[in-house]
Amino acid sequence: MSTIKPFQIFDILDYNNINLDILTETFNVGFYGKYIAKWPEFCISIKNHFGNFQGYLLGKIEGEKTNNNKQNWHGHISAITVAPEYRRQGVARFLMNYIEDVTNSQNGWYVDLFVRPSNKIAVLMYQNFGYEIYQTVYQYYSSQNGKYEDAYDMRKSMLKDKQKLKQKPTGKVIKPEELEFN
């Protein structure tokens, strides 16, 4: 049995079974705190009956008002991870469905995320969930050895984008400072 609950700041004291995994990006305490404070509806965790993390999601809504006061919002996944022992059990699919539902409820155009191209398993999983590689962000990720790695900006259109125009691949390679919503 699993428990789904809002991600809380004290959860960072208990998530080592996930965040010590090499495929998981780890952020500073302020990063987690900002997300929990500003976008609580986009941040959830799943724990097993012992209270151990099975997975968590940190997301936010990005966008702006246009000149004619229409909203140009989308959901963004900043962190999604599943403990190795809970992978391939539907936890990631549940978390992805959750952020898509929240984004649709806020009338967002699409959900996007960044992923390392070298994380081929994750890229394939996101593609199986309906995400497409929209563009590549040049040298987005840094590493321990001082090298940089590109990121795929992957997107999936939401209900508002009936023609799926917001996820149509551009084939572009852009620099991080060229991202729409920094």
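Here's a quick rundown of the structure. Keep in mind it's a predicted model, so treat the numbers as computed, not measured. (Residues numbered from 1 in each chain as written. Predicted model: local features only at pLDDT ≥ 70, side-chain atom pairs only at ≥ 80, totals over all residues. Heavy atoms only, no water.)

With that settled, consider a nonpolar patch on the surface. There is a patch of nonpolar side chains on the surface, built from Ile9, Phe10, Leu13 and Val29 and spanning about 430 Å² of accessible area. Along the chain, Phe10 turns up in the loop between β1 (3–6) and α1 (16–19). Given the relative accessible area of 63%, Phe10 is considered exposed. (Patch = residues over 30% accessible without salt bridge, like charges linked within 9 Å, V, L, I, M, F, W, Y side chains within 5 Å. Areas by Shrake-Rupley, 256 points an atom, 1.4 Å probe, with all protein chains shown as cover. Salt bridge = Lys/Arg side-chain N within 4 Å of Asp/Glu carboxyl O. Helix = DSSP H or I, 4+ residues; strand = E, 2+ residues; numbered from the N terminus. Buried < 20%, exposed > 50% of the residue type's maximum accessible area, 1.4 Å probe, protein only.)

With that settled, the discussion passes to the pairing of strand β4 (residues 71–82). Of all twelve residues in β4, nine are buried; the element is thus mostly enclosed. The pairing of β4 with strand β5 (residues 110–115) spans three bridges and is parallel. Residue Ile77 lies in a different strand from β5, and its bridge partner there is Leu113. As a crossover connection, the stretch from β4 through helix α3 (residues 91–105) into β5 is right-handed. (Pairing = 2+ DSSP bridges. Right-handed = clockwise from strand over helix to strand, strands pointing away.)

The subject of this paragraph is the side chain of Glu62. Within the secondary structure, Glu62 sits in strand β3 (residues 53–65). By relative accessible area, Glu62 is classed as buried at 10%. Within the structure, Glu62 has its side chain in polar contact with the side chain of Lys60 (distance 3.2 Å). (Polar contact = N/O pair within 3.5 Å; in protein donor to acceptor, adjacent residues only side chain to side chain.)

Before going further, it helps to spend a moment on unusual backbone geometry. Even without being a glycine, Arg88 presents a positive backbone phi close to 65°. Residue position: Arg88 is located in the loop between β4 and α3. You can call Arg88 exposed: its relative accessible area is 82%. Positive phi is not limited to glycine here, since Lys164 has a value of about 55°.

Another aspect to go through is the environment of Glu100. Turning to its location among the elements, Glu100 is positioned in helix α3. The buried category is assigned to Glu100, whose relative accessible area is 7%. Counting along the chain gives 64 residues from Glu100 to Lys164, while the straight-line C-alpha distance between them is 14 Å.

Moving on, we get to the nonpolar core. Membership of the largest hydrophobic core comes to 39 residues, with the highest contact counts inside it found for Phe7, Tyr56, Ile77, Tyr126 and Tyr131. Looking at this core, the elements with two or more residues in it are α2 (29–38), β2 (43–47), β3, β4, α3, β5 and α4 (120–128). Here the element with the most residues in this core is α3; it accounts for six residues. One finds Phe114, Tyr141, Ile174 and Leu179 within the second-largest nonpolar core, a separate group that totals six residues. (Core = buried A, V, L, I, M, F, W, Y, C linked by side-chain atoms within 4.5 Å.)

Turning to the packing of aromatic side chains, a few remarks are in order. Taken as a whole and judged by the stated rule, the model has eleven aromatic pairs. Here Phe7 and Phe53 contribute two aromatic rings whose centre-to-centre distance is 6.1 Å and whose plane-to-plane angle is 45°, an arrangement assigned as tilted. With Phe7 in the loop between β1 and α1 and Phe53 in strand β3, this pair connects stretches of sequence that are 46 residues apart. By the burial criterion, Phe7 is buried, and Phe53 matches it. Between the aromatic rings of Tyr32 and Tyr56, the centroid separation amounts to 6.5 Å while the plane-to-plane angle is 65°, which identifies the pairing as edge-to-face. With a gap of 24 residues between them, Tyr32 in helix α2 and Tyr56 in strand β3 connect regions that are remote in the sequence. Judged by its relative accessible area of 0%, Tyr56 is buried. Site record: aromatic cluster; members linked through ring pairs are Phe7, Phe31, Tyr32, Tyr35, Trp39, Phe53 and Tyr56. Positioned over the ring face of Phe129 is Arg93, at 4.2 Å from the centre of the ring. A cation sits over an aromatic face here: Arg155 above Tyr134, 3.6 Å from the ring centre. (Phe/Tyr/Trp six-rings, centres within 6.5 Å; stacked < 30°, edge-to-face > 60°. Lys NZ or Arg CZ within 6 Å of the ring centre and 35° of its normal.)

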